[in-house]
Amino acid sequence: MKFKFPILLFSVAVFILFPINSLACACCSEDGFYSISTGKPLDYNLELLQQIKFAQNAELYLGAADFDDLKGLEELTKNAGDEDLSQFILNGSYAAKTWKLNLKAKNGKTGTLNLPLPAQMLTFKVDIHDGKKSGGGGPLLYKEWRFKGNVQTGNGFFQSSILKATTYFLVLQGRGNGCDSAEDFTNWRLEIDGKKANYKFFGELESGAVKQEEN
């Protein structure tokens, strides 16, 4: 009987410490970590999408191409002359399971895309072996949330290129530990593809700007 009290104290201590340590490592990542999965957006994904905010600048991806190689932005470039139309002011929002992206070019022309959240999303996380460590323990992972669906509507200089079967591919990119937060995602990339559309935009996410500066 005299051992019951010490044993009870030890049992309580183990019970308390175990979940604390488990919680501390819940977001840990391991060297060589790799994960890719597709599924229905969960409640926590939807909550984070509400928190992820677009920065006010966006850029048209040209690469080695020029405007003549793009398909679907003729209304934007009509009578543009030598003006640089690759830079845009962006007003982006996510509400009612739809992204609404309003872009304004330097020539004053505007265009709006409405992108409904698809039924499936792809989540990708990987250790890229660059030696950076995460706050949750382990390597700082590179991560993406990928969404592919049909463009709902396009207005302004997008209107002529958006037909019924036009698709979008939106990628949210960032770095973090094994858990996801809005601050992890620092950049975005959008591809629009269809019978009359083939163009891409990219930019930063305001919600991840502080983390981007720290890294």
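Residues numbered from 1 in each chain as written. Predicted model: local features only at pLDDT ≥ 70, side-chain atom pairs only at ≥ 80, totals over all residues. Heavy atoms only, no water.

1. Observations concerning the overall build of the protein chain
We count it as follows: Numbering goes from the N terminus for both helices and strands, where a helix is a DSSP run of H or I of at least four residues and a strand is a run of E of at least two. Only protein chains enter the accessibility calculation, which uses a 1.4 Å probe; a residue whose area is less than 20% of its type maximum is buried, one above 50% is exposed, and one in between is partly exposed. Any two residues having at least one pair of non-hydrogen atoms within 4.5 Å are treated as being in contact. Note on areas: Shrake-Rupley with a 1.4 Å probe; residue coverage comes only from the protein chains shown.
Each helix and strand counted, the protein chain has 4 helices and 11 strands in total. In the protein chain, buried positions account for 39% of the 215 residues. Contacts spanning at least 24 positions in sequence make up 64% of the contacts within the protein chain whose residues lie at least 6 apart. Summed over its atoms, the accessible surface of the protein chain is roughly 12,400 Å², and 55% of this surface lies on carbon and sulfur atoms.

2. Considerations on the state of the cysteines
Selection criterion: Disulfides are defined as pairs of cysteine sulfur atoms found within 2.5 Å of each other.
Counting across every chain of the model gives 1 disulfide. The disulfide bridge from Cys27 ends at Cys179, spanning 2.0 Å between sulfur atoms. Handedness of the Cys27-Cys179 disulfide follows from its S-S torsion of about -90°: it is left-handed. Here Cys27, found in the loop between α1 (4–24) and β1 (34–39), pairs with Cys179, found in the loop between β9 (167–176) and β10 (185–194); they are 152 residues apart in sequence, far enough to count as distant. Using a relative accessible area of 21% as the deciding quantity, one classes Cys27 as partly exposed. Judged by its relative accessible area of 28%, Cys179 is partly exposed.

3. Regarding the environment of Ser86
Rules: Here a polar contact is taken to be a pair of N or O atoms separated by no more than 3.5 Å, where protein atoms must pair a possible hydrogen donor with a possible acceptor and residues adjacent in sequence count only if both atoms sit in side chains.
Tracing the backbone through its elements, the reader meets Ser86 in the loop between α3 (74–77) and β3 (87–95). Since its relative accessible area comes to 8%, Ser86 is described here as buried. Between the C-alpha atom of Ser86 and that of Lys106, which follows or precedes it by 20 residues, the distance is 8.6 Å. Side-chain polar atoms of Ser86 contact the side chain of Asp84, separated by 2.7 Å.

4. Here's the deal with the packing of aromatic side chains
So the rule is basically this: Whether two aromatic rings pair depends on their centres lying within 6.5 Å, for rings of Phe, Tyr and Trp, where Trp uses its six-membered ring; planes under 30 degrees apart make the pair stacked, over 60 edge-to-face, and the rest tilted.
Tallying each qualifying case throughout the model produces 15 aromatic pairs. On the basis of an interplanar angle of 85° and a centroid distance of 6.5 Å, the ring pair of Tyr44 and Trp145 is categorised as edge-to-face. Placement of Tyr44 in helix α2 (residues 43–51) and of Trp145 in strand β7 (residues 141–150) is noted, with a sequence separation of 101 residues between them. A relative accessible area of 1% means that Trp145 is categorised as buried. With 6.5 Å between their ring centres and 75° between their planes, Trp99 and Tyr168 make a pair best called edge-to-face. Of this pair, Trp99 sits in strand β4 (residues 98–105) while Tyr168 is found in strand β9, placing the two residues 69 residues apart along the sequence.

5. Some remarks on the pairing of β9
On a regular strand, each side chain points to the face opposite its neighbour's, so the side chains alternate between the two faces of the sheet. Counted only if it meets this: Paired strands, in this sense, are two strands between which DSSP finds at least two bridges.
Summarising burial for β9: 7 of the 10 residues are buried, a large majority. Note: β7 against β9, 10 bridges, orientation antiparallel. When the sheet's bridge partners are listed, Trp145 is paired in β9 with Leu172. Sheet analysis places β9 next to β10, joined by 8 bridges and oriented antiparallel. If you follow Thr167 over to β10, its bridge partner there is Asp193.

6. A short note on the confidence of the model for the protein chain
The condition that has to hold: Residue-level confidence of the predictor, termed pLDDT, takes values from 0 up to 100.
Averaged over every residue, the pLDDT of the protein chain is 87; the share at 70 or more is 84%. Scored below 50 in pLDDT, residues 7–23 shows 1 contact in the model against residues more than four places distant or in partner chains.

7. Overview of the nonpolar core
Note the threshold: For this analysis, a nonpolar core means a set of buried residues of the types Ala, Val, Leu, Ile, Met, Phe, Trp, Tyr and Cys, connected via side-chain atoms within 4.5 Å.
Among the nonpolar cores identified, the biggest contains 40 residues, and Leu49, Trp99, Leu172 and Trp188 are the most heavily contacted of them. Leaving out residues up to four positions away in the same chain, Trp99 has contacts with Leu49, Phe54, Ser93, Tyr94, Leu113, Asn114, Leu115, Leu117, Pro118, Phe147, Tyr168 and Leu170.

8. So, the pattern of salt bridges
Keep this limit in mind: A side-chain nitrogen of Lys or Arg and a carboxyl oxygen of Asp or Glu constitute a salt bridge if their distance falls within 4 Å.
Taken as a whole and assessed by the stated rule, the structure comprises 7 salt bridges. Lys143 is the salt-bridge partner of Asp180, the closest N and O atoms lying 2.7 Å from each other. Here the residue Asp180 occupies a position in the loop between β9 and β10, and Lys143 occupies one in strand β7, the gap between them amounting to 37 residues. Judged on exposure class, the residue Asp180 and its partner Lys143 are both buried. Where Glu144 meets Arg146, a salt bridge forms, and the shortest distance between an N and an O atom there is 2.6 Å. The class of Glu144 is buried, set by a relative accessible area of 11%. With relative accessibility at 22%, the residue Arg146 sits in the partly exposed group. Because the salt bridges share partners, they merge into one network encompassing Lys125, Lys143, Asp180 and Asp184.

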